[in-house]
Amino acid sequence: MPPPTCSKEANRYKVSHLEERDDTAYRRAEKQYRRQRVPVNKRRTRFVRRDPDLAHAIDFAKRGSRMDQRVLLLETVKGGREIYSVRDRPGFYYIRGALTWQAQVRWARRCLTEFSRSPFTNITNHTRLALCPARDMGCPDQSGQEALWDAAVRRVESEGLEGGDEEDGEEKRTAQALQQALQDLYALRWANLGANYIWTTRKYAVPVKEAVKEETGRGGGLREGETVRDTGGPHATKRDEEGDAQGTPSSVHSRVRNSHEGKVGAEEVGLPERAAFPPSDGLSVPQALTDLAREVLDDIAHAESHRPCASKGEQAFPLPMNFCGEAGIVNYYPPESSMGGHVDDAEGATSVPLVSFSLGLGCIFLLGGKDKKVAPVPLVFRSGDCMVMAGEARLAFHGVPCILEESAGPDPALGQWTRVAAVLREDDGASRAAEARMLSHYLTSSRLNFNVRQVWRRELCEGAEGLRP
Ligand SMILES: O=C(O)CCC(=O)C(=O)O
Ligand SMILES: [Fe+2]
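Nothing here was measured: the structure is a model prediction, and the numbers come from that model.

A. Quick peek at the nonpolar core. Among the nonpolar cores identified, the biggest contains 66 residues, and Val388, Leu448 and Phe450 are the most heavily contacted of them. Filtering out sequence-adjacent residues up to four positions away, Phe450 remains in contact with Leu99, Trp107, Cys111, Leu289, Leu292, Ile329, Val330, Val355, Ser356, Phe357 and Leu359. One finds Cys363, Ala393, Ala396 and Val400 within the second-largest nonpolar core, a separate group that totals 22 residues.

This is how it looks when you write it as structure tokens:
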């Protein structure tokens, strides 16, 4: 789960010669599905970026996709949600229409406000980069995200951008002004919910009973009795080993991470490392997110129980019903950003599905296989849809080579700020014109992804304080 990065940022770091030599099927697809540089004059002196050709990608929103030999519609469940599986990728599921547009507004609001700050997280790229204006403003919230959102609200209000008569879309001038007002927010790239994932070691922080002197001694590092320890995942080092074996030592991976944060690590910037087991230290995955994931998994289990006989062989293992959301990532993708190919193998509980939702602009998602040599299946992900990686697919190579800025916009309702405002009014009983405008603009100009995982295997959980059943 490398954080999303902007190509501009990535260019600041030289692409290594090793990566240039990476001619794997995954890498080729990644190049094919980047946003394309298209000349706008005959002399080829000026270029614009365009979405890639989607002719060979699977777009579940297009009627034809039901006919696509590579996918299977397993079932349409209540509320019209369609559950798909993908041929030769057992354990992967796509749920079209998992969230109504109103639910999308609500989750987007939470991602941009609550989830990027205490009590859900104490780590975002902002807290690490110390970019956050809140620090200068003496905000008591350590993560500073509250001020980030509020500062943007104040700016939108002071510039009079919250009003306006037009309901459908934004006039160009207003859109530009909103873009400017949200500038700081666009610098937020990821937030870590619940258990702390340490990006440098690619492991989760786990509290242990005995005090570990050498760890606690590190400036502002772990608290007494805590250390950073492998979660026991059988594949915890797989990515590195594979990289070495192919002569591409985590090429995409480390480049993405470095370009994002420079030299990082909670310990290195003196952030207090937090205990990983909620709720004793206040860090937790929102219960609503665990509930949402369980609902999706129930739908899949139901669909699987009715799977047509002809494709029974593709059926994934029986899905566990007691999914326990212990860590989550919110990825914020501004225009022109992407996420390099990777495997999410840091969790010890990799036999438990990972559940992930898309909001805002669509994207291309490359669903690979066990390594980069397997040609990935290009899928179009759209706002309100959900994907689940379970069984074999849980450890599949995957990534997001581009955000689709022209060809996969969200439900038109999200582009109408007055409709967004009606949802906020219903929740707060108050008019929230500025926030509605901001949300509407954000969702039509960038992508959000929020996902939830179980970190600990059952036997490691047993007896741990604060553990859910
Ligand atoms: O943005 C997405 O859909 C994928 C995110 C992802 O792979 C991750 O956070 O590990
Ligand atoms: Fe991932």
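Next comes the rest of the account.
B. Inspection of the environment of Ile364 at higher detail. Here Ile364 shows up in strand β15 (residues 362–367). Ile364 sits in the buried class, given a relative accessible area of 0%. A C-alpha to C-alpha distance of 5.8 Å links Ile364 and Cys402, two positions 38 residues apart in sequence. Leaving out residues up to four positions away in the same chain, Ile364 has contacts with Tyr33, Leu54, Ala57, Leu379, Val380, Gly399, Val400, Pro401, Cys402 and Leu404.

C. Examining the side chain of Asp371 more closely. Note that Asp371 resides in the loop between β15 and β16 (377–381). A residue is classified by how much of its surface remains accessible, and Asp371, at 11% relative accessible area, is buried.

D. Quick peek at the packing of aromatic side chains. Applying the stated rule across the entire model yields 10 aromatic pairs. Judged by centre distance (4.9 Å) and plane angle (55 degrees), the rings of Phe60 and Tyr84 are tilted. Of this pair, Phe60 sits in the loop between β4 (58–59) and β5 (71–77) while Tyr84 sits in strand β6 (residues 81–86), and the two are 24 residues apart along the sequence. Of the two residues, Phe60 and Tyr84, both sit in the buried class. With a centroid separation of 5.2 Å and an interplanar angle of 40 degrees, the aromatic rings of Tyr94 and Phe381 are classed as tilted. Taken together, the positions of Tyr94 in strand β7 (residues 92–96) and Phe381 in strand β16 put the pair 287 residues apart, joining distant regions of the chain. Just as Tyr94 is buried, Phe381 falls in that class too. Of the aromatic side chains, those joined through ring pairs into one cluster are Phe60, Tyr84, Phe92, Tyr94, Phe365 and Phe381. Cation over ring: Arg37 sits above Phe47, and NZ or CZ is 3.9 Å from the ring centre. Over the face of the ring belonging to Trp107 we find Arg110, whose NZ or CZ atom lies 5.6 Å from the ring centre.

Scoring rules and cut-offs
- Residues numbered from 1 in each chain as written.
- Chains lettered and ligands numbered in written order.
- Predicted model: local features only at pLDDT ≥ 70, side-chain atom pairs only at ≥ 80, totals over all residues.
- Heavy atoms only, no water.
- Core = buried A, V, L, I, M, F, W, Y, C linked by side-chain atoms within 4.5 Å.
- Buried < 20%, exposed > 50% of the residue type's maximum accessible area, 1.4 Å probe, protein only.
- Contact = heavy atoms within 4.5 Å.
- Helix = DSSP H or I, 4+ residues; strand = E, 2+ residues; numbered from the N terminus.
- Phe/Tyr/Trp six-rings, centres within 6.5 Å; stacked < 30°, edge-to-face > 60°.
- Lys NZ or Arg CZ within 6 Å of the ring centre and 35° of its normal.

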